Amino acid sequence: MIKHLIRQEKFGGYWLVRNEGIAIELNHADYQFLSMLGLIYNTNSEDSELRWHVAIEEFTNQKLLSHMHQHGIDDIRSWSSVRHVPSNVALETLPDDVVIAPKRIYFEITRCCNLACQSCFNNSHFKLSNELTIEEILNVNQQAYELGVFEIRYTGGECTTVPGFADIVADARKKGIYISIGTNGVYSDEQIEWLPNCGIDWFVISLDGDRQRNDSIRGKGTFAKVINTLKVFSKYKNIRTRLNMVVAKHNMKSIETVASIAGEYGVSSLNLIPLRPYGRSLKKMTKEMFVQNDFYAFIREVNRLRKLFPEVVFSTTIDLLDPDATTSHDLIVQKKNTCAAGVEACVIGPKGHVYGCSYSPASFPDSADEEGKRIFIAGNIRENDLQTIWHDNSRWSVFRDLGQYKNSKCHSCSHYTVRCSGSCQIMAWNQLKHREAAERSKRNIGDFFDPYCFVDLLDEKDKMSDMSAPCGGAGMDGF
């Protein structure tokens, strides 16, 4: 079974430790070293073991050698579990600042869902016409394997409702792909028996607050169902879980309840997703969306809870107060200069469309927003293979041409690439479409920035602190 994947990149490569779902970045020297070890192993000659030990002795990067020992691949016999994926195209022809293939595919294999949540970003409930067949889904698995994709996150809709889902997971597992699912966690007794043992590595489960607040959005009884799922899954040490919580004014006070649940059931991380004006929420919940001051208060609350629940990793967007000073708490995508969409990851929709993010107009292929679909849809796997779509920069301009599509205010911000990956192009598109009449001077996506960004409030606070300090000093907040 494949437990490790070494993949070539323009800058060097990555090493995926499959059982832990973590991607380790490699510089050129580190990648070449691991590539050489792979060649020695595959040569299988009488002196292979001697050549292996000489290579190990001569290599100077002790940190990498330590990682190899820690993860059990410092012996030649262990390399039967290591797969190497070199680039099959000339590196100089590949786009800059974009990985050679998606690290993660968010694969929406259906829109069918056993729930109809008010905050659903893609209106899931009923199956779409002409969704991908099982054969087409398995073909995507095969393409992902050939490209060296690290992770497939099956989602929907509710992916576990798809007939043959167990076979889809088994196929990806056999190929050594790290498997996660985005799920509502509301399962039948039959599902709760087979899901923990079917080969899924990571369950990303939705829970939107305490019982009253969650059930008012996701449906009566869903809170109890999710708690039961977490209780069952907590007994399986091989399963990783995360909670996704869509956060807005109506449930911000119950984040602590969800964090407490995460701690109680061994959930490794809590991902807090600010309510966005997409899908069903656009019709039902826009009044609950944060404004700038609300979002600032939300981030302060996140940092308060980090101290109360140190065992839980909290992640969210525009996390300008994050003490870890990182653009990503994710173990696979890094979000160095922008979010992962179209740069490190992609979405494949239930009709085969390929796009950067599920929140974009690309999620609604039957909508009347032709301009939005033209900008955000990169292609369709029924027409082109994934590698062709991914390597064509012109299809991904909205996510890769940051000079045009990322707001100029981000580029000069001290938090950009340190704690924040910058303004969301999709939120900017939403503003462009709905506020154009009020702001006629703004005509492009790059003219707008995320309305949740509160950096101006931080700047104003700093100014007030400076004014109140003796002799222009730091003020009370500076001590």
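Bear in mind that the values here come from a model prediction, so they are computed numbers and not experimental data.

Digging into the sheet that holds strand β7 (residues 178–183)
So, step 1. Taken together, the ten strands give an open sheet; going across it, the order is β11-β10-β9-β8-β7-β6-β5-β12-β13-β14, and neighbouring strands pair in mixed fashion. Sheet topology places β11 (313–315) and β14 (377–380) at the edges, where each strand pairs with a single neighbour. Taken over all neighbouring pairs, the strand axes of this sheet differ in orientation by 20° on average, direction set aside.
So, step 2. Sheet topology places β7 next to strand β8 (residues 202–206); four bridges connect them, and they run parallel. When the bridges of β8 are listed, threonine 183 appears paired with isoleucine 205.

Notes on the environment of asparagine 197
So, step 1. Mapped onto the secondary structure, asparagine 197 falls in the loop between α6 (189–194) and β8.
So, step 2. Asparagine 197 gets classed as exposed once you look at its relative accessible area, which sits at 55%.
So, step 3. Taking the C-alpha atoms as reference points, asparagine 197 and valine 347, separated by 150 residues in sequence, lie 26 Å from one another.

A short note on the confidence of the model for the protein
So, step 1. Per-residue confidence for the protein averages 92 on the pLDDT scale, and 94% of its residues sit at or above 70.
So, step 2. This stretch, residues 463–479, has a pLDDT under 50; its non-local contacts, to residues over four places away or in other chains, come to nine contacts.

Re the side chain of histidine 71
So, step 1. Structurally, the position occupied by histidine 71 is in the loop between α3 (62–70) and β4 (82–85).
So, step 2. Polar side-chain contacts of histidine 71 include one of 3.3 Å to the side chain of glutamate 20.
So, step 3. For histidine 71, the residues in contact, after removing those within four places along its chain, are His4, Trp15, Val17, Glu20 and Ile24.

Describing the nonpolar core
So, step 1. Core analysis: the largest hydrophobic core is formed by 118 residues, its most contacted members being Phe107, Tyr154, Leu243 and Leu270.
So, step 2. Those residues in contact with phenylalanine 107 that sit more than four places away from it in its chain are Leu132, Ile137, Val140, Ile152, Arg153, Tyr154, Thr155 and Ile348.
So, step 3. Grouped together as the second largest cluster of nonpolar side chains are 21 residues, Trp15, Leu34, Trp52 and Met68 included.

Considering the state of the cysteines
So, step 1. Enumeration over the complete set of coordinates arrives at zero disulfides.
So, step 2. Cysteine cysteine 120 remains unbridged, with the sulfur of cysteine 117 as its closest cysteine sulfur at 6.5 Å.
So, step 3. With no disulfide of its own, cysteine 420 lies 6.4 Å from the sulfur of cysteine 410, the closest cysteine sulfur.

So, the packing of aromatic side chains
So, step 1. As enumerated under the stated definition, the model contains 20 aromatic pairs in all.
So, step 2. Each ring, one from phenylalanine 11 and one from tyrosine 14, has its centre 5.3 Å from the other, and the planes form 85°; the classification is edge-to-face.
So, step 3. Using a relative accessible area of 2% as the deciding quantity, one classes tyrosine 14 as buried.
So, step 4. Considering the side-chain rings of tyrosine 278 and tyrosine 359, the 5.6 Å spacing of their centres and the 35° angle between planes classify their relative orientation as tilted. Highlighted residues: tyrosine 278 in the loop between β10 (269–274) and α10 (281–284) and tyrosine 359 in the loop between β13 (353–355) and α12 (370–376), separated in sequence by 81 residues.
So, step 5. Sitting over the ring of tryptophan 202, arginine 153 keeps its end group 4.7 Å from the ring centre.
So, step 6. We note arginine 240 situated over the ring of tryptophan 202; from NZ or CZ to the ring centre the distance is 3.5 Å.

Notes on the sheet that holds strand β3 (residues 22–27)
So, step 1. The four strands lie next to each other as β3-β2-β1-β4, forming an open sheet whose pairing is mixed. Pairing within the sheet leaves two strands with one partner each, and these edge strands are β3 and β4. Strand-to-strand twist of the sheet, defined as the mean angle between neighbouring strand axes without regard to direction, takes the value 20°.
So, step 2. Note that strand β1 (residues 4–9) and strand β2 (residues 12–17) share six bridges and pair antiparallel. Within β2, the residue paired with glutamine 8 across the bridge is glycine 13.
So, step 3. Its contacts with the sheet put helix α1 (residues 28–43) on β1, β2, β3 and β4, and the angle it makes with β3 is roughly 105°.

Description of empty space enclosed by the protein
So, step 1. According to the stated counting rule, one finds three cavities of 30 Å³ or more in the structure shown.
So, step 2. Estimated volume of the largest cavity: approximately 150 Å³.
So, step 3. Put simply, the second largest cavity is a space of about 50 Å³.
So, step 4. Around the second largest cavity, the lining residues are Ile2, Leu5, Arg83, Ala144, Tyr145, Gly148, Val149, Lys175, Gly176 and Ile177.
So, step 5. For the lining of the second largest cavity, a count of residues per class yields six nonpolar, two polar and two charged.

What to know about the environment of histidine 53
So, step 1. With respect to the element layout, histidine 53 can be found in helix α2 (residues 48–58).
So, step 2. Sequence spacing of histidine 53 and aspartate 74 is 21 residues, and the spatial spacing of their C-alpha atoms is 9.5 Å.

Brief notes about the layout of surface pockets
So, step 1. Counted as a void, the second largest pocket has a volume near 440 Å³.
So, step 2. Within the lining of the second largest pocket, the residues separate by chemical class into eight nonpolar, four polar and ten charged.

Considerations on the pattern of salt bridges
So, step 1. Under the definition given, this model contains 26 salt bridges.
So, step 2. One salt bridge in this structure joins aspartate 75 and arginine 77, with 3.1 Å as the shortest N-O distance.
So, step 3. Salt bridges sharing common partners tie together Arg104, Glu151, Arg153 and Asp330.

A look at unusual backbone geometry
So, step 1. Look at the link from glycine 156 to glycine 157: it is a cis peptide, with omega at 15°.
So, step 2. Position of glycine 157 among the secondary structure elements: in the loop between β6 (151–155) and α5 (165–174).
So, step 3. The phi dihedral of alanine 325 falls on the positive side, at around 50°, and the residue is not glycine.
So, step 4. With respect to the helices and strands, alanine 325 occurs in the loop between β11 and β12 (345–348).
So, step 5. Residue class for alanine 325 comes out partly exposed when judged on its relative accessible area of 34%.
So, step 6. Even without being a glycine, lysine 335 presents a positive backbone phi close to 55°.
So, step 7. Residue placement: lysine 335 occurs in the loop between β11 and β12.
So, step 8. A relative accessible area of 27% places lysine 335 in the partly exposed class.

Criteria and thresholds
Residues numbered from 1 in each chain as written. Predicted model: local features only at pLDDT ≥ 70, side-chain atom pairs only at ≥ 80, totals over all residues. Heavy atoms only, no water. Pairing = 2+ DSSP bridges. Helix = DSSP H or I, 4+ residues; strand = E, 2+ residues; numbered from the N terminus. Axes fitted to C-alpha atoms, helices over the stretch in contact; angles between N-to-C directions. Buried < 20%, exposed > 50% of the residue type's maximum accessible area, 1.4 Å probe, protein only. pLDDT = per-residue confidence, 0-100. Contact = heavy atoms within 4.5 Å. Polar contact = N/O pair within 3.5 Å; in protein donor to acceptor, adjacent residues only side chain to side chain. Core = buried A, V, L, I, M, F, W, Y, C linked by side-chain atoms within 4.5 Å. Disulfide = S-S within 2.5 Å. Phe/Tyr/Trp six-rings, centres within 6.5 Å; stacked < 30°, edge-to-face > 60°. Lys NZ or Arg CZ within 6 Å of the ring centre and 35° of its normal. 1 Å grid on protein atoms, 1.4 Å probe; cavity = no way out; pocket = protein on both sides within 12 Å on 5 of 7 lines; lining within 4 Å. Points joined across faces, edges and corners; volume = space filled by probe spheres on them. Nonpolar A, V, L, I, M, F, W, Y, C, P; charged D, E, K, R; others polar. Salt bridge = Lys/Arg side-chain N within 4 Å of Asp/Glu carboxyl O.

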